[in-house]
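# Observations on the three-dimensional arrangement
Chain by chain, the residues run as shown.
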Amino acid sequence: MSYIDVNHISYSYKVFKKKTGFKGMVVDFFNRKYTYKNVLKDISFHVKKGEKVGLLGPNGAGKSTLIKLMTGIISPQDGEILFDGIIPNTNNYDFLNKIGVVMGQKSQLNPNLSAMDTFNLIRDIYKIRKEDYRERLHSYLTMFELNDVKNYPVRKLSLGERTKLEIIASLLHSPEVLILDEPTLGMDIVSQNSLYDFINQINERLNVTIFIISHQMRDIENITDRILILLNGSIAFDGDTDELLTNVSEKTPVITVMGKNSNPIISLNDADVSVNDNDAKISKYNLDSTITLKLSELSSLTIEDSSLEESLYKIFKEEKS
């Protein structure tokens, strides 16, 4: 049974068509012309409790609009969104208690105060029981190894520490869904790996549903089990990472052989090869293909499989062409 239901959502913006020049400005003043831009077109998908879903797409695909709809900031013009049967609305406290949101470029932590000051404020806003608050906060700070910096002014902390504290702030009221928008923006690899471990632990221990929007392929590969790709306002792909790679990558990995003084390939059968000086790339072959190499002349052999980032690039490129 699904926990998040997005059913036939459509949304469009009213856009002012501005004319150029002084004459155009005068005309616009008395008679403005508007057009409608369809941002989302009949979007439908369902997320089960405890799933880890990544939302991907190029700029302008409609990701931000979808997140605004899912968090109740705006309402759909057509269709319906339900979180455990509740319609998203920023005035519905039952709904707000179910979600936690972390925006990579927006902070809920006051930079001049310590993180503990904000945590205590959140405790009062959500009316969290003192025992639950202390237990959760101790658990999260320990998991993230942040006990030593919890009382420092937020502005004094590193970007990685601030982001981790942002996530803790979003989890204190024990939400059932955690929405992350570019959570690792500007983080180093060590901080990213720490964040991945933390999010996956939260998912495993508390069965929190994770919904992440990111342009960082490492985020998607290390956190999500399922990927949604949004292109021109429509869902272009809905499946797991392996399925995505199977659908959009090359059928066979590219094999590159490098020779010491000359091309090391002696002969091949039922395979396509391109030669550049002493190097050769074998891109098309099958189970019946045979490739004979002169080992004494072979310098190196590499097998390159398509990464998730390359696969997505192919989808986005084809969509724009």
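Here the residue index of a chain counts from 1 through its sequence in written order. Given that the model is predicted, a residue must reach a pLDDT of at least 70 before its local features are reported, and side-chain atom pairs must reach 80 or more before they are shown or counted; all residues, however, enter totals for whole chains, interfaces and linings. Computation of side-chain values covers all heavy atoms of the structure but excludes hydrogens and water.

## Observations concerning the overall build of the chain
Secondary structure elements follow DSSP: runs of H or I of four or more residues count as helices, runs of E of two or more count as strands, with numbering from the N terminus. Scanning the chain for helices and strands turns up 10 helices and 15 strands. Atoms considered for the radius of gyration are the C-alpha atoms alone. The globule rule reads 2.2 Å times the number of residues to the power 0.38. Computed over C-alpha atoms, the radius of gyration of the chain comes to 25 Å, more than 25% over the 20 Å expected from 2.2 N^0.38 for 321 residues, which places it beyond the range of a compact globule. Expressed along its principal axes, the backbone C-alpha trace of the chain runs to roughly 75 × 60 × 45 Å. The contact definition used throughout considers only heavy atoms, calling two residues in contact when any of these lie within 4.5 Å. Considering only intrachain contacts with a sequence separation of at least 6, the fraction spanning at least 24 residues in the chain is 69%. Accessibility throughout is a Shrake-Rupley quantity obtained with a 1.4 Å probe, and a residue counts as covered only by protein chains that appear here. By element, 48% of the accessible surface of the chain is carried by carbon and sulfur atoms, the whole surface being about 18100 Å². In this tally, Lys and Arg are treated as positive and Asp and Glu as negative; His is ignored, and so are the chain termini. A charged residue contributes its charge at one atom only: NZ of Lys, CZ of Arg, CG of Asp or CD of Glu. Averaging the positions of the 38 positive and the 43 negative side-chain charges in the chain gives two centres separated by 10 Å.

## Quick notes on the environment of His 8
If you trace the backbone, His 8 turns up in strand β1 (residues 2-16). Throughout, exposure labels follow a simple rule: accessible area from a 1.4 Å probe, protein chains only, divided by the maximum for the residue type, with under 20% read as buried, over 50% as exposed, and the rest as partly exposed. A relative accessible area of 49% means that His 8 is categorised as partly exposed. With 81 residues separating them in the primary sequence, His 8 and Asn 89 have C-alpha atoms 18 Å apart. Among residues more than four places away in sequence, those in contact with His 8 are Asp 42, Ile 43, Ser 44, Asp 78 and Gly 79. Definition of a polar contact: a pair of N or O atoms within 3.5 Å, with one able to donate and the other able to accept a hydrogen when the atoms are protein atoms, and with sequence-neighbouring residues admitted only if both atoms are side-chain atoms. Polar side-chain contacts of His 8 include one of 2.8 Å to the side chain of Asp 42.

## A closer look at helix α6 (residues 159-171)
In this model α6 runs 19 Å from its N-terminal to its C-terminal C-alpha over 13 residues, within 8% of the 18 Å that 1.5 Å per residue would give. Within α6, 10 of the 13 residues are buried, which leaves the element mostly enclosed by the surrounding structure. Within α6, burial applies to Gly 160, Thr 163, Lys 164, Leu 165, Glu 166, Ile 167, Ile 168, Ala 169, Ser 170 and Leu 171. Summarising the contacts, the buried residues of α6 are in contact with β5 (99-103), α4 (115-125), α5 (130-144), β6 (177-181) and α7 (189-206). A helix's residues, less one, multiplied by 1.5 Å, set its expected span.

## Topic: the pairing of strand β3 (residues 52-56)
Of all five residues in β3, five are buried; the element is thus mostly enclosed. Alternating residues of β3 divide into Lys 52, Gly 54 and Leu 56 and Val 53 and Leu 55, and every residue in both groups is buried. Two strands qualify as a pair provided DSSP detects at least 2 bridges between them. Note that β3 and strand β8 (residues 226-231) share four bridges and pair parallel. Bridging across to β8, Leu 55 finds its partner in Leu 228.

## Thoughts on the sheet that holds strand β9 (residues 234-239)
Taking strand neighbours across the sheet as the criterion, the six strands line up as β5-β6-β7-β3-β8-β9 in an open arrangement whose pairing is mixed. Two strands in the sheet have a free side with no partner beyond their single neighbour: β5 and β9. Going from strand to strand, the sheet's axes swing by 15 degrees on average, the running direction of each strand aside. Axis lines are fitted through C-alpha atoms, for helices just across the contact stretch, and the angle between N-to-C directions can take any value from 0 to 180 degrees. The sheet strands contacting α6 are β5 and β6, and the helix crosses β5 at an angle near 160 degrees.

## Structural notes on the side chain of Ser 12
Within the secondary structure, Ser 12 is located in strand β1. With near-sequence residues (within four places) excluded, Ser 12 lies in contact with Tyr 36, Lys 37, Asn 38, Val 39 and Gln 77.

## Brief notes about the environment of Leu 69
Inspection of the secondary structure assignment puts Leu 69 in helix α2 (residues 63-70). The class of Leu 69 is buried, set by a relative accessible area of 2%. In this view, Leu 69 contacts Ile 9, Tyr 11, Leu 40, Ile 74, Ser 75, Pro 76, Ile 81 and Pro 88; residues no more than four positions away in its chain are not counted.

## Some words on the packing of α4 against α5
Contact pair α4 / α5: the axes reach a minimum separation of 12 Å and the direction vectors enclose 145 degrees. Handedness of the crossing formed by α4 with α5: right-handed. Residues Met 116, Phe 119, Asn 120 and Arg 123 of α4 touch α5, and the partners they reach there are Tyr 133, Leu 137 and Leu 141. Should the near helix be turned anticlockwise from the far one by less than a right angle, the crossing is left-handed, and should it be turned clockwise, the crossing is right-handed.

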